[in-house]
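# Examining the three-dimensional arrangement
Each chain, written out:
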Amino acid sequence: MNEREGKGFKWPAFLSSPRFRKRLRKILITLLILGALVGGAGIFIEYFYEDTVKSIIISQLNERLNCKINVKEIEFSIFRKFPYASVHFMEATVYDAYRDTSTIETDQHHKKKKKFTKPDFQDSILLKAQDVYLQMSIWDLIFGEYRIKRVEVDDASLQLKVFSDGSNNWDILKPSQDSTETSDFSFDLQKLILKKVACSYEDLPARQDYKLLARDVMLKGAFSSDNYQLDIYGDMAVYRIKSKGENYFNSPNTKIDMSMDVNQKEETVTFTSGELNVGGLPLKVLGYVAYGDTREELDLDIQGNGLPLQSFLEELPQTWKRYIDTYEGKGRFNFNAKVSGTWADDQIPLFTASFSLDKGEISQKETGITLTDVGVKASYTNGKAHNNSTAVLDLSSFSARLKLGSIQGSFHMQDFNKPLVKLIAEGNLDLAELQEFVKSDTLSAMSGNLAFNVSYEGQLQSNRNFLASDFVQSKSSGTMKLSNGNFEFRGQQLRFTGLNGNFRFSNNDVISDDFSGKIGRSDFSLKGYFRNVLSYVFLKGEALQINADLTSQLIDMDDLLQYQANSGDTTSLRMNISPKLEVNFNLKSRAFNFGKFTASNIIGEVKIRNSQLLVKNLSFGAMDGRVNVTGLIDGSQAGKLLISCDASIYQVDIKKMFYQFNNFGQKHLREEHLKGLVTANIKFGSVWSNTFEIDLSTIYALAEITIENGELIHFAPIEGLEDQLKKRDFSDIKFATLKTQVSIKDKIITIPNTTIRNDVMDVDISGTHGFDNQIDYHVSVLYSELFNRDKNKQTQFGQVEDDGLHSERYFFRITGTTENPVYIKMDKTAYKENIKQKVQTEKQNLKDILNQEFKWFKKDTVKVKDPNKKPKDKEGDGEFNLEWEED
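Reading the values: rules and limits
- Residues numbered from 1 in each chain as written.
- Predicted model: local features only at pLDDT ≥ 70, side-chain atom pairs only at ≥ 80, totals over all residues.
- Heavy atoms only, no water.
- Helix = DSSP H or I, 4+ residues; strand = E, 2+ residues; numbered from the N terminus.
- Contact = heavy atoms within 4.5 Å.
- Salt bridge = Lys/Arg side-chain N within 4 Å of Asp/Glu carboxyl O.
- Buried < 20%, exposed > 50% of the residue type's maximum accessible area, 1.4 Å probe, protein only.
- Phe/Tyr/Trp six-rings, centres within 6.5 Å; stacked < 30°, edge-to-face > 60°.
- Lys NZ or Arg CZ within 6 Å of the ring centre and 35° of its normal.
- Polar contact = N/O pair within 3.5 Å; in protein donor to acceptor, adjacent residues only side chain to side chain.
- Core = buried A, V, L, I, M, F, W, Y, C linked by side-chain atoms within 4.5 Å.
- pLDDT = per-residue confidence, 0-100.

Within the protein chain, the regular secondary structure consists of 13 helices and 44 strands. Pairs at least 24 apart in sequence give 53% of the contacts found in the protein chain among residues at least 6 apart.

In structure tokens:
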């Protein structure tokens, strides 16, 4: 007993009967005999008909085709495509259609050659196939009829082209009157099979470019009939549907299953049923297409209901898809489109479409942040003229929710050449959640809350580029509220924190009465206008104009100007003035820091324009005094800052001034050497790098300086005067008031003759001090003070004062460097200048006496006559011509 019988299974009784077994044996023998007969017949037919079939096929193709064909080998077989006999073309190449007589050439001895005149242009390939099978009925073949019923093309590429002159490369059939059709050969095509066939279509005048791959596609119908039903089904990949440079379609998984009625007399195709599945989007296509020369029109309805949103996102054009690659969608939407009208030549049919999505979801793949309850109702039409000028896109409503916020609104655009755009939007969004969903390239983090209600209406002059005039003529309105906003920008050290403000939109401007926050350690409060905002955001090169009152508790420039060139670099200071900023601030700040420099109670105007920063009438307290500055920082040259200013300082502590300005870049006269209060008027100009490295050769300065209650302490070149001036102690010089004028040019500090009246000995000093610390000082003192050690000698009648009769001076020089001064005991040049000055003074004194006594020199001049020229006396003129010897 076998296993089945063991389980209760029993063979039917008739199967074990001898009669059934006998009949079964006869059937099997009969089938074997029939198979042998068929096989033998097939071999006989294949051998007997091979040459005839090849000859007829080649002959008829040469008669009917207007192109050149190369074939490596032709094979005839009964069994390869049984039950059809097949003519197998191996490695076939079909060239573009020519007007010349064509020929088929093979590498076998079966050839049929005709005279072929090669055209002027180079051969281009229409079809290149590894295998082409022309299939016919075996019974037709036996009865001498050669009717091609099926064609199969495997592993091939088909290239269809429309050239610039409007001609094409696929018109390979000769006109019927030119062919010598035989009664025993015909095309009765009923099935076309395409396997791994890459198809391309390029229309140069229309700028159309299509590419697809028919993996396994079958076309079935009575192609030779005037009216027949055509069925198309199979699997394909669409790689490109490109129109005028824009790729609109790319689907590697497309399935087709459609039926249509073909009327060749009326030249129409009517879609009766079927489905086109594009990447998981099943679309129904109904309607008709007329393709005749006198009637090229279509009327198609394309419908898709309950389509998966994710499949739609994956099938978007590549130019759009790159923006949404990090997102995925859930939900289903409905899509309906209608195409109708003439499509001949450059004419475009009417196209309308509608799209609706309800309760969809869009998620950020990396973070999982999800936009829920996504709803969209949209429609599109190319309008009355069927082109961009009458096209309308209308999103009657759109809405979505995040966990902590929502957005809704509408959008309308018409005339795609010069788009008229209308947008209404309102929402309340959590910025941290929004940043995780959007993943901005410029923002590394943001938080806070943004509530808005805005509308915009404007017409753009171009559909490709925004123009400044687009926004100037636009209309916008609405409000926006930012609460506790915090922003961090990629590649920047500064953080924007605690941002709060209420904003009102007025066309291209934004108005704020209370925008405040912090940038790093600095704080601000703005009240004013932000002009040209939309142009600044959307256009390259447009400037943001700010006209506002700016108040602050602290402006910390060390923090604002810090930068880090690379991730491993140390933080430095750098100043770049954006050419896209036009600023006019009325500034008030309680404190200002920049390096060691500090200021308080700052008031003034700050303007920025054309990469230039201008401060006007900037007044502030600093170094225990008061300062007023008008200055310019010009950053219009890359990497450079041209700085110039006019400054007035009043009662500034000189010790603190030297300390806060780092001793003005030199090491010898430092803050520990100085005391006193400085009042000065200063003109200054120089060139700096944008990292605040000064070009010393460019410094120009002119300063009128007054120092009160001054003190010079342990300054080496002055202390060295002790040996020159009778051992007087110059280690600590005190003076009540010092007035002088100092100029700087070509890295040389020039001091004119200046009297320093002090408690040790009055000193006259002038000279130069180079930035390389080379000095050349001319110094003089009164002999009376040099030998009188008690400058402030007192008597019973009071302090003894110099009567001017002992005005002879001792002149000497100090040269060398501040570190190694050289004292020259006699300054001959100074002595000569002193004598000359005395002579001039005596001349003036004598002139004054003669003028008072004799009324001479009424013109207040002294005539000096050339000694080589004799004087001319004038009688009765009552005047003398005085001659003064210059020496």
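Anyway, onward from the coordinates.
Turning our eyes to something else, we now look at the pattern of salt bridges. Scanning all chains against the criterion turns up 16 salt bridges. Among the ionic pairs, K265 bridges to D226, the shortest N-O distance being 3.9 Å. You can see K265 sitting in the loop between β10 (251–263) and β11 (268–278) and its partner D226 sitting in the loop between β7 (208–220) and β8 (227–243), a full 39 residues away along the chain. Given the relative accessible area of 37%, D226 is considered partly exposed.

Here the focus is the environment of M236. Within the element layout of this structure, M236 appears in strand β8. Using a relative accessible area of 13% as the deciding quantity, one classes M236 as buried. Taking the C-alpha atoms as reference, M236 lies 6.1 Å from K255; in sequence the two are 19 residues apart. Every residue in contact with M236, bar those within four places of it in the chain, is listed here: L213, A214, R215, V217, P252, N253, T254 and I256.

The subject of this paragraph is the packing of aromatic side chains. On inspection of all chains with the given rule, the structure shows 11 aromatic pairs. Residues F503 and F515 carry aromatic rings whose centres are separated by 5.1 Å and whose planes lie at 65 degrees to one another, so their mutual orientation is edge-to-face. With F503 in strand β23 (residues 495–506) and F515 in strand β24 (residues 509–519), this residue pair connects regions lying 12 residues apart in the sequence. Residue F503 shares its accessibility class with F515, and that shared class is buried. Each member of the aromatic cluster is reached from another via a ring pair, and the members are F503, F515, F524 and F530. Note that K68 overlies the ring of Y95, its terminal NZ or CZ placed 5.8 Å from the centroid.

Further remarks concern the side chain of D131. Looking at the element boundaries, D131 is found in strand β4 (residues 125–137). Relative accessible area serves as the criterion here: at 17%, D131 is assigned to the buried category. One polar contact links D131 to H88, side chain to side chain, over a distance of 2.6 Å.

Here we take up the nonpolar core. L526, F585, L613, F620, V627, M657 and V678 are the most contacted members of the largest nonpolar core, which has 95 residues in total. Excluding residues within four positions of it along the chain, L613 makes contact with M575, I577, V606, K607, I608, G631, L632 and I633. Counting 54 residues, the second largest nonpolar core, distinct from the first, contains I57, V71, L126 and I148.

Mapped onto the secondary structure, S406 falls in strand β19 (residues 405–414). On the basis of relative accessibility, which here comes to 16%, the residue S406 falls in the buried class. Non-local contacts of S406, meaning those with residues more than four positions away in its chain, are made with A400, R401, E426, G427, N428 and L429.

All of the buried residues in helix α6 (residues 431–438) are L431, E433, Q435 and F437. Just downstream of α6, K439 is the residue with a positive phi angle, here 55 degrees.

Keep in mind that low pLDDT regions are not for reading the predicted coordinates in detail. Averaged over every residue, the pLDDT of the protein chain is 77; the share at 70 or more is 73%. Across residues 793–806, confidence stays below pLDDT 50; counting only partners more than four residues off in sequence or on other chains, it has 10 contacts. Of the regions scoring below 50 in pLDDT, residues 861–887 engages in 29 contacts with residues more than four places distant in sequence or in other chains.

Along the chain, D653 turns up in strand β34 (residues 640–653). Judged by its relative accessible area of 18%, D653 falls in the buried class. For the pair D653 and L674, spaced 21 residues apart in the sequence, the C-alpha separation amounts to 9.4 Å. Beyond its immediate stretch of four places on either side in the chain, D653 contacts M623, D624, G676 and L677.

Here we come to the environment of V262. Considering the arrangement of structural elements, one finds V262 in strand β10. Its relative accessible area of 6% is what places V262 among the buried residues. Linking V262 and N227, residues 35 residues apart in sequence, is a C-alpha distance of 5.6 Å. Not counting residues within four places of it along the chain, the set of residues in contact with V262 comprises D226, N227, Y228, L230, T268, V269 and Y291.

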